[in-house]
Amino acid sequence: MEVRQCDFCRMPYQSYGKKICGDCLLKLDHDFFEVKEYLYENEGASIEEVSEGTGVSRKAIMYMLKEERLIVSDNKGDGGGILTCESCKKPINTGRMCASCKKAVLSAMQESVGTVSVVKRPRQRAAEMEPESIKGVAKLQVK
Ligand SMILES: [Zn+2]
Ligand SMILES: [Zn+2]
């Protein structure tokens, strides 16, 4: 057991291997349930609408997106510019990294077993695209 900083509320807590504290875990599970129910009835609602309709904070909704519990459903495939890959800054529609960066990290981890290796970073393409404040235009979907 170790003391860690909660990934969500930033408070120190005793971690049993989870990224967030017990309070946030319970809260987010409850929030996720609310969001899920709302999206069943209001398919393709925006972050704004979901937040207003459920009372769940936008911060919590963003966290669910990053944890891949929700997905931005939009046909352009750029996630409405809400989420970007933490490695190459490419627009993504769920999680923290795009598929190719995830793959690169995974294979780097496998290669590094017993050897020293350099993580090859993919070319920076949309580096200028910093995530802005939540626009609330993208439609959400339960993953
Ligand atoms: Zn917390
Ligand atoms: Zn990437």
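The structure displayed is predicted, hence computed values, not measured ones.

A.B. asks: For the overall build of the protein, give the residues involved together with the corresponding values.
C.D. replies: Secondary structure assignment for the protein yields 4 helices and 6 strands. Starting at the N terminus and walking to the C terminus, you meet the elements of the protein as β-β-α-α-α-β-β-β-α-β. In the protein, buried positions account for 24% of the 143 residues. A separation threshold of at least 6 residues defines the contact pool for the protein, and within that pool the share at least 24 residues apart is 46%.

A.B. asks: Please provide a residue-by-residue account of helix α1 (residues 22-41), values included.
C.D. replies: Taking 1.5 Å per residue as the helical rise, α1 with its 20 residues ought to reach 28 Å, and the 29 Å between its terminal C-alpha atoms agrees with that figure. Among the residues of α1, those classed as buried are Cys24, Asp31, Val35, Tyr38 and Leu39. Across the axial projection of α1, the buried residues extend over an arc of 90 degrees, all falling on one side. The exposed set on the far side of α1, more than 90 degrees from its buried face, consists of Leu26, Asp29, His30, Phe33, Tyr40 and Glu41.

A.B. asks: Any chance you could break down helix α2 (residues 47-54) for me, citing the residues and the numbers?
C.D. replies: Taken together, the buried positions of α2 are Ile47, Val50, Ser51 and Thr54. Along α2, the residues classed as buried sweep out an arc of 100 degrees about the axis, all on the same side. Buried positions along α2 lie against α1, α3 (58-66) and β6 (140-142). Positive phi appears at Gly55, one or two residues downstream of α2, with a value of about 80 degrees.

A.B. asks: Give me the nonpolar core: which residues, what numbers.
C.D. replies: Ranked by internal contacts, the top residues of the largest apolar core, which has 21 residues, are Val35, Val50, Ile61, Leu70 and Leu140. Going through the elements one at a time, α1, α2, α3 and β3 (70-72) are the ones with two or more residues in this core. Per-element tally for this core: the top contributor is α3, with 4 residues. Discounting chain neighbours no more than four positions away, the residues touching Val50 are Val35, Tyr38, Leu39, Ala45, Val56, Ile61 and Leu140.

Cut-offs and rules
- Every chain's residues receive numbers from 1 upward, in the order its sequence appears when written.
- A letter from A marks each chain and a number from 1 marks each ligand, given out in the order of writing.
- Since the coordinates come from a predicted model, pLDDT governs what is reported: local features require at least 70, and pairs of side-chain atoms require 80 or more to be given and counted, while whole-chain, interface and lining totals use all residues.
- Secondary structure elements follow DSSP: runs of H or I no shorter than four residues count as helices, runs of E no shorter than two count as strands, and numbering proceeds from the N terminus.
- Labels follow a simple rule on C-beta atoms placed from the backbone: if 20 or more others lie within 10 Å of a residue's own, it is buried; if 12 or fewer, it is exposed; otherwise it is partly exposed.
- By the convention adopted here, residues are in contact when the distance between their C-beta atoms, placed from the backbone, does not exceed 7 Å.
- For a helix, the expected span equals 1.5 Å multiplied by the number of residues minus one.
- Regarding the arc, it is the one traced by the directions from the helix axis to the C-beta atoms.
- A set of buried residues qualifies as a nonpolar core if it consists of Ala, Val, Leu, Ile, Met, Phe, Trp, Tyr and Cys joined through C-beta atoms within 7 Å.

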